[in-house]
Amino acid sequence: MSGKRIELCSTDDVAPGAAFKVEIDDLALAVFNVDGEFYVTDDACTHGPGSLSEGYIEGDVVECNFHNGQFNIRTGEVVLPPCMVPVKTYPVEVQDGKVTIEV
Ligand code: FES
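Residues numbered from 1 in each chain as written. Predicted model: local features only at pLDDT ≥ 70, side-chain atom pairs only at ≥ 80, totals over all residues. Heavy atoms only, no water.

Some details on the overall build of the protein
Link 1 in the chain: Helices and strands together make up the secondary structure of the protein, namely zero helices and eleven strands.
Link 2 in the chain: Walking the protein from its N terminus toward its C terminus, one meets helices and strands in the order β-β-β-β-β-β-β-β-β-β-β.
Link 3 in the chain: Here the C-alpha atoms of the protein give a radius of gyration of 13 Å, agreeing with the 13 Å that 2.2 N^0.38 yields for 103 residues.
Link 4 in the chain: Its C-alpha atoms put the protein at 35 × 30 × 20 Å along the principal axes.
Link 5 in the chain: Taking all 103 residues of the protein together, the buried fraction comes to 38%.
Link 6 in the chain: Summed over its atoms, the accessible surface of the protein is roughly 5700 Å², and 48% of this surface lies on carbon and sulfur atoms.
Link 7 in the chain: Taking the average place of the 6 positive charges on the side chains of the protein and the average place of its 18 negative ones, the gap between the two points comes to 6 Å. (Helix = DSSP H or I, 4+ residues; strand = E, 2+ residues; numbered from the N terminus. Rg over C-alpha atoms; globule rule 2.2 N^0.38 Å. Buried < 20%, exposed > 50% of the residue type's maximum accessible area, 1.4 Å probe, protein only. Areas by Shrake-Rupley, 256 points an atom, 1.4 Å probe, with all protein chains shown as cover. Lys, Arg positive; Asp, Glu negative; His and termini not counted. Charge placed at Lys NZ, Arg CZ, Asp CG, Glu CD.)

Structure, rendered in structure tokens:
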């Protein structure tokens, strides 16, 4: 099953250790740069109204700015409650300096 590939942003839009919010095709996504590796998750925290692209990033963990729950940026797994449900992640490929995902 192969989905469609969509281009989210340029690699230059996301500094190392930072996140960038992209809204496209009914999706709200957070693009993360972890030491030059790019990862994409849903932007919405699974616990409530938090926006993960506005969270605090420490290594490969993002802390929601609402109730301070944490997720692993690479896997989407919960690192710290009150979040219980993993955040969705997307397979990323960098092509010609653009961050792309398959959906
Ligand atoms: S909304 Fe993110 S931890 Fe509650």
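Following the structure, the description resumes.
Remarks on the pattern of salt bridges
Note on pairing: side chains with opposite charge can pair once their charged atoms come close.
Link 1 in the chain: In the structure shown here, the tally under the stated rule is five salt bridges.
Link 2 in the chain: Of the charged contacts, one joins E93 and R5 as a salt bridge, the two residues approaching to 3.6 Å between their closest N and O atoms. Residue E93 is located in strand β10 (residues 92–95), and its partner R5 is located in strand β1 (residues 5–10); the two are separated by 88 residues in the primary sequence.
Link 3 in the chain: For E93, a relative accessible area of 38% puts it in the partly exposed group.
Link 4 in the chain: With a closest N to O distance of 3.6 Å, D43 and K21 form a salt bridge. (Salt bridge = Lys/Arg side-chain N within 4 Å of Asp/Glu carboxyl O.)

Digging into the sheet that holds strand β3 (residues 27–34)
Link 1 in the chain: Read from one edge of the open sheet, four strands run β2-β3-β4-β9, paired in antiparallel fashion. This sheet does not close on itself; its edge strands, each paired only once, are β2 (19–24) and β9 (89–90). (Pairing = 2+ DSSP bridges.)

Overview of the side chain of T41
Link 1 in the chain: One can find T41 in strand β4 (residues 37–42).
Link 2 in the chain: Looking at T41, the relative accessible area reads 1%, which means it is buried.
Link 3 in the chain: Those residues in contact with T41 that lie beyond four places of it in its chain are A28, L29, A30, F32, L52, I73, V87, K88, T89 and Y90. (Contact = heavy atoms within 4.5 Å.)

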